Structures are given as structure tokens and as C-alpha cells.
Amino acid sequence: MDFALTEEQTAIFDMAYAFAQEQIAPFARQWEAEGTIPKDLWPKVGELGFGGLYVSEESGGSGLTRLDATLVFEALSMACPSVAAFLSIHNMCAKMLDSFASDELKSRIMPDVLSLNTVLSYCLTEPGSGSDAAALKTRAERTNDGYTLNGTKAFISGGGYSDAYVCMVRTGADGPKGISTVYVEDGTPGLSFGALEQKMGWKSQPTAQVQFDDCKIPAENLVGTEGDGFKYAMMGLDGGRLNIASCSLGAAQAGLDMTLRYMSERKAFGQTIDQFQALQFRLADMEIELQAARTFLRQAAWKLDQGAPDATKFCAMAKKFVTETGSKVVDQCLQLHGGYGYLADYGIEKLVRDLRVHQILEGTNEIMRVIVARQLLAHR
């Protein structure tokens with residue numbers, strides 16, 4: 001087995017890392033304090049081809065593999081996992097549109113989506129349906145002109161900020177087969193937003209409820225076929241889980257790098273604290289865990305790219321393992337910084353807060369265990 005990255009993959013990582021260190025890292029704390037990401041960042045990201053990472057080249061995207069994409073998100077999250085994760089959401093939406101939208105809809109919207117002049121949000125979760133996503137209640141009634149939407153989406157990254165929303169809505173009976181996907185543009189009459197949520201982490205991402213009150217959209221804004229929306233939503237989740245795991249990995253690596261620098265400078269009892277064997281062992285444990293997480297993540301991404309029959313199981317396992325490892329590592333980094341780790345100036349406490357939600361979204365880690373257990377039992 002070859003575990004080395006290709007020259008092209010190394011170049012992809014290096015390009016993303018250099019951009020993030022220049023354009024994101026110096027401003028991450030400022031954007032967190034302001035509670036928003038400047039809109040003028042996104043076209044710069046789009047110029048790198050990151051607005052459609054795995055959108056086909058025929059459609060104007062970058063046509064990268066899922067493994068390639070994990071490298072982008074790992075590199076970007078070393079500057080700010082909140083910004084990197086927001087880009088992951090946009091890319092999940094972009095891939096859904098490229099795969100399932102009509103040619104007419106794609107010709108109208110995809111150029112701006114790929115350039116990131118149009119930023120997308122993903123609307124599945126509702127106040128009463130999280131892990132049980134198929135129980136969603138937001139309804140889209142067919143009319144002569146299109147659809148009328150009524151309902152509420154919750155915990156939406158980019159709610160009130162994004163330019164368009166890829167929404168899962170109910171067009172039929174209860175259950176997953178009654179769900180369709182629609183595209184709702186900002187400014188559509190009947191579309192409104194709740195107050196900004198006050199969150200533990202991911203503070204630079206504006207998060208709010210997305211509300212539909214007799215919100216009317218044209219028929220051509222249906223994505224794909226009526227009744228297939230839940231299938232579309234679930235198809236994007238394997239890759240999304242890899243991306244969010246990559247964000248945990250990159251941020252934890254950045255935390256470890258910061259900790260190594262701090263420990264080489266901080267002195268106690270006449271020597272720098274990186275000379276104490278007990279603390280060296282803790283550094284070694286973090287390095288081992290991060291390298292194991294990186295290998296596991298890339299194996300899962302490779303399986304998804306290859307269409308392996310157990311790819312979904314591996315994506316679930318990697319998401320659970322890598323996000324929990326990332327949180328464990330940054331918590332240890334904070335501890336090794338002592339009291340300084342608790343101060344915002346050192347950047348570690350932000351990583352602890354930002355990474356905690358990765359164990360909840362893109363399917364909770366409890367649901368990851370359910371996926372793994374079901375596949376184990378199905379093949380016993």
C-alpha cells in the first residue's frame with residue numbers, strides 16, 4: 001500500500017495552507033468577535049477553485065477526489081476550523097446541485113456558485129427533527145407556478161447570511177420518500193430568518209433559523225425529482241463527514257504545533273517544560289493519535305472515491321474517531337499551556353470551542369455508532 005501523497009496532492013495542500021495562513025489566520029479572532037466572515041473572502045476562495053471542489057470539470061468545477069478535498073479542509077482548518085467548515089457546507093450543496101439539478105437551473109446558478117459569488121447553505125435540520133431527519137415537517141405545496149413553502153429550519157450555518165439555500169422539504173406523505181429538494185434564493189418573498197444564535201464555538205459563522213411563510217418559488221427551482229430529496233441529502237453526508245473530520249484534524253494539528261512552540265519557550269524549575277519526560281509522553285501520545293486519525297481518515301476517503309461497498313461504514317467510523325481525537329488533543333493542548341491556554345490571546349481555547357460541535361453535526365457520533373453496528377450485524 002502507498003501512503004504517500006502524490007505531487008499534485010501535496011501541491012493542493014500547500015496552496016490551501018498558504019492561502020489560509022495569509023487570508024484567514026490573521027483575522028480569525030476578529031471575525032469570531034464580529035460574528036461573521038467578510039463576504040469579500042469568498043470570491044478569493046473561489047479563484048482557487050474551492051467553490052466546487054468535487055463538482056465535475058465538465059460543469060466548471062475542480063473535479064477533485066474526496067481524498068483531495070480532505071487535504072483542502074485539513075489545511076484551511078489549521079487557520080480557522082469555523083471558516084473551513086462553512087466552506088465544506090457550501091461544497092456539499094454545490095455537489096448536490098451539480099449531480100441532480102436540471103440543466104436549466106445549473107446554467108442559471110452554477111457559475112456564481114463555483115466562483116463563490118453565491119454562497120450556499122444546507123437546510124435539513126428542523127426544531128423537531130435532528131438525527132431523525134426524515135421526520136421533517138417543512139412543506140412545499142405544488143401550485144400552478146411552482147411551490148409554496150411553509151415551515152422552519154434550525155441550526156442553519158449561514159442563515160440570513162448566505163445567498164441561497166438548498167432545502168429539504170416535504171412534498172408528499174410522511175417518511176423519507178415524501179421529501180424533495182428545492183433551491184431558495186435570498187430575497188424570495190416569504191423567506192425570513194430568526195435571531196442569530198449565541199453559540200459555544202463556530203462564532204464567525206452566522207447561524208440562525210430559516211423560516212418559510214407562504215414562500216413561493218418557481219417550479220424550475222426543484223432539484224432533481226420529487227420524492228428523491230432525502231436520498232440526495234443522505235448521499236452528500238459521507239463526504240461531509242470526511243470534511244468535518246478533516247477540520248478536526250487540521251485544527252488539532254495546529255494546536256499541537258502551537259503547543260510545541262509554547263513548551264520550547266516556557267520555563268519552569270530552571271528548564272523549558274518540553275524537557276520534562278512526563279510532558280514529553282503527553283506530546284508523544286497526541287502525535288500518535290493524530291497520525292492514526294490522519295491515516296484512518298484518508299483510508300475512508302479512498303474507499304469513498306473507489307466506491308467500496310463498506311465506504312459508508314468507514315466514513316462513519318472515521319468521523320467518530322477523528323472528531324473525538326481532535327477534541328481530545330486540543331483539550332490536552334490547553335492543559336499544557338496552563339493558565340495561558342484559557343486566555344483567548346493564545347488561540348487554544350478557540351480550538352476547544354470550535355471542535356466540540358464536530359461530534360454533533362453531519363450526524364452525531366452516536367448515529368455514527370449506529371451505522372457501524374448495523375453494518376456489523378448485517379454481515380455477521
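Check the entry above for the structure.
Everything numeric in this text was worked out from a predicted model, so none of it was measured.

J.: Would you take a moment to explain the overall build of the chain for this structure?
T.: Helix and strand counts for the chain stand at 12 helices and 10 strands. Its C-alpha atoms give the chain principal-axis dimensions of about 80 × 50 × 40 Å. Each of the 380 residues in the chain was classed as buried or not, and the buried ones make up 53%. Intrachain contacts of the chain at a sequence separation of at least 6 include 74% that bridge at least 24 residues. When the accessible surface of the chain is summed, it comes to about 16,700 Å², and 53% of that surface belongs to carbon and sulfur atoms. For the chain, the separation between the mean place of its 35 positive charges and that of its 47 negative charges on side chains is 7 Å.

J.: Is there a simple way to explain the packing of aromatic side chains in this structure?
T.: Within this structure, the stated rule accounts for 11 aromatic pairs. Measuring from centroid to centroid gives 6.3 Å for Phe13 and Tyr17, while their planes differ by 10 degrees, and the two rings are stacked. Placement of the pair is Phe13 and Tyr17 together in helix H1 (residues 7–23), with a separation of four residues, close to one helical turn. Exposure remark for Tyr17: the relative accessible area of 33% places this residue in the partly exposed category. With centroids separated by 5.2 Å and ring planes inclined at 45 degrees, the aromatic side chains of Tyr340 and Tyr346 adopt a geometry described as tilted. Taking the relative accessible area as the measure of exposure, Tyr346 reaches 33% and is therefore partly exposed. An aromatic cluster of at least three residues, connected via ring pairs, comprises Trp42, Phe86 and Tyr161.

J.: Help me understand the nonpolar core, please; the structure alone is not making it clear to me.
T.: For soluble globular proteins, nonpolar side chains are generally found buried alongside one another. Membership of the largest hydrophobic core comes to 38 residues, with the highest contact counts inside it found for Ile24, Leu41 and Trp42. Taken together, the elements giving at least two residues each to this core come down to H1, helix H2 (28–34), helix H3 (41–47), helix H4 (66–77), helix H5 (81–100) and helix H8 (237–265). With six residues, the top contributor of residues to this core is H4. Filtering out sequence-adjacent residues up to four positions away, Ile24 remains in contact with Phe19, Trp31, Leu41, Leu76, Ala79, Cys80 and Val83. One finds Ala245, Ala252, Val322 and Leu351 within the second-largest nonpolar core, a separate group that totals 31 residues.

J.: Please clarify how the side chain of Arg241 should be interpreted in this entry.
T.: Among the structural elements, Arg241 can be located in helix H8. Apart from residues no more than four positions distant in its own chain, Arg241 is found in contact with Cys315, Lys319, Glu362, Gly363, Met368 and Ile371.

J.: Looking at this structure, I do not really get H8. What am I missing?
T.: Helical geometry: 3.6 residues make up each α-helical turn, so side chains three or four residues apart lie on a common side. Across its 29 residues, H8 extends 42 Å between first and last C-alpha, which sits within 8% of the 42 Å expected from 1.5 Å per residue. Burial analysis of H8 places 23 of its 29 residues in the buried class, which makes it a mostly covered element.

J.: Sorry if this is basic, but what is going on with the pattern of salt bridges here?
T.: Oppositely charged side chains are able to pair whenever their charged atoms sit close together. Evaluated as defined, the whole model comprises 17 salt bridges. Each of the salt bridges in this network shares a partner with another, and the network as a whole consists of Glu32, Glu349 and Arg353.

J.: What exactly am I supposed to notice about a nonpolar patch on the surface here?
T.: The grouping of Tyr340, Leu343 and Tyr346 at the surface amounts to a nonpolar patch, some 260 Å² of accessible area in total. With respect to the secondary-structure elements, Tyr346 resides in the loop between helix H10 (311–336) and helix H11 (348–356).

J.: Got a minute to help me understand the side chain of His90 in this structure?
T.: Mapped onto the elements of the fold, His90 is located in helix H5. The class of His90 is buried, set by a relative accessible area of 1%. Setting aside its immediate chain neighbours within four residues, His90 contacts Gly51, Val113, Leu116, Thr118, Val119 and Leu120.

J.: Would you mind going over the environment of Val330 with me for this structure?
T.: Here Val330 is to be found in helix H10. On the basis of relative accessible area, Val330 is assigned to the buried category, the value being 1%. Taking the C-alpha atoms as reference points, Val330 and Gly255, 75 residues apart in sequence, are found 5.9 Å from one another. Setting aside anything within four residues of it in sequence, one finds Val330 in contact with Ala251, Ala252, Ile348, Leu351, Val352 and Leu355.

J.: How do you make sense of the packing of H8 against H10 when you look at a structure like this?
T.: Axis angle and axis distance: for two packed helices, these are the angle between their axes and the distance between the axes, and together they describe the pair. It is at 8 Å that the axes of H8 and H10 come closest, and there the two elements cross at 20 degrees. By the angle between their directions, the pair H8 and H10 is classed as roughly parallel. Seen from above, H8 lies across H10 with left-handed handedness.

J.: How should the packing of helix H9 (residues 277–306) against H10 be read in this particular structure?
T.: Relative orientation of the contacting elements H9 and H10 amounts to 160 degrees, with a least axis distance of 9 Å. One finds that H9 runs roughly antiparallel with respect to H10. Viewed along their axes, H9 and H10 form a crossing whose handedness is left-handed. Broken down by class, the residue content of the contact of H9 with H10 amounts to 20 nonpolar, four polar and four charged.

J.: Can you help me understand the pairing of strand E4 (residues 164–170) in this one?
T.: In regular strands, side chains alternate between the two faces of the sheet. Most of E4 is tucked away, with seven of its seven residues classed as buried. Because side chains alternate across E4, one face comprises the buried residues Ala164, Val166, Met168 and Arg170, and the other comprises Tyr165, Cys167 and Val169, equally buried. Across seven bridges, the pairing between E4 and strand E5 (residues 179–185) is antiparallel. Paired with Arg170 across the bridge in E5 is Ile179.

J.: I would appreciate a short explanation of H5 in the present structure.
T.: Taking 1.5 Å of rise per residue, the 20 residues of H5 would be expected to cover 28 Å, and the 29 Å separating its terminal C-alpha atoms lies within 8% of that figure. Across the 20 residues that make up H5, a large majority, 17, are buried.

J.: How should the state of the cysteines be read in this particular structure?
T.: Where two cysteines share a covalent bond between their sulfur atoms, that bond is called a disulfide. Applying the stated rule across the entire model yields zero disulfides. There is no disulfide at Cys123, and the cysteine sulfur nearest it, in Cys167, is 3.9 Å away. What makes Cys123 buried here is its relative accessible area of 0%. With no disulfide partner, Cys247 has as its closest neighbouring cysteine sulfur the one in Cys80, 9.5 Å distant.

Reading the values: rules and limits
Residues numbered from 1 in each chain as written. Predicted model: local features only at pLDDT ≥ 70, side-chain atom pairs only at ≥ 80, totals over all residues. Heavy atoms only, no water. Helix = DSSP H or I, 4+ residues; strand = E, 2+ residues; numbered from the N terminus. Buried < 20%, exposed > 50% of the residue type's maximum accessible area, 1.4 Å probe, protein only. Contact = heavy atoms within 4.5 Å. Areas by Shrake-Rupley, 256 points an atom, 1.4 Å probe, with all protein chains shown as cover. Lys, Arg positive; Asp, Glu negative; His and termini not counted. Charge placed at Lys NZ, Arg CZ, Asp CG, Glu CD. Phe/Tyr/Trp six-rings, centres within 6.5 Å; stacked < 30°, edge-to-face > 60°. Core = buried A, V, L, I, M, F, W, Y, C linked by side-chain atoms within 4.5 Å. Expected span 1.5 Å × (residues − 1). Salt bridge = Lys/Arg side-chain N within 4 Å of Asp/Glu carboxyl O. Patch = residues over 30% accessible without salt bridge, like charges linked within 9 Å, V, L, I, M, F, W, Y side chains within 5 Å. Axes fitted to C-alpha atoms, helices over the stretch in contact; angles between N-to-C directions. Parallel < 35°, antiparallel > 145°, perpendicular 65-115°, else oblique. Left-handed = near helix turned anticlockwise from the far one by under 90°. Nonpolar A, V, L, I, M, F, W, Y, C, P; charged D, E, K, R; others polar. Pairing = 2+ DSSP bridges. Disulfide = S-S within 2.5 Å.

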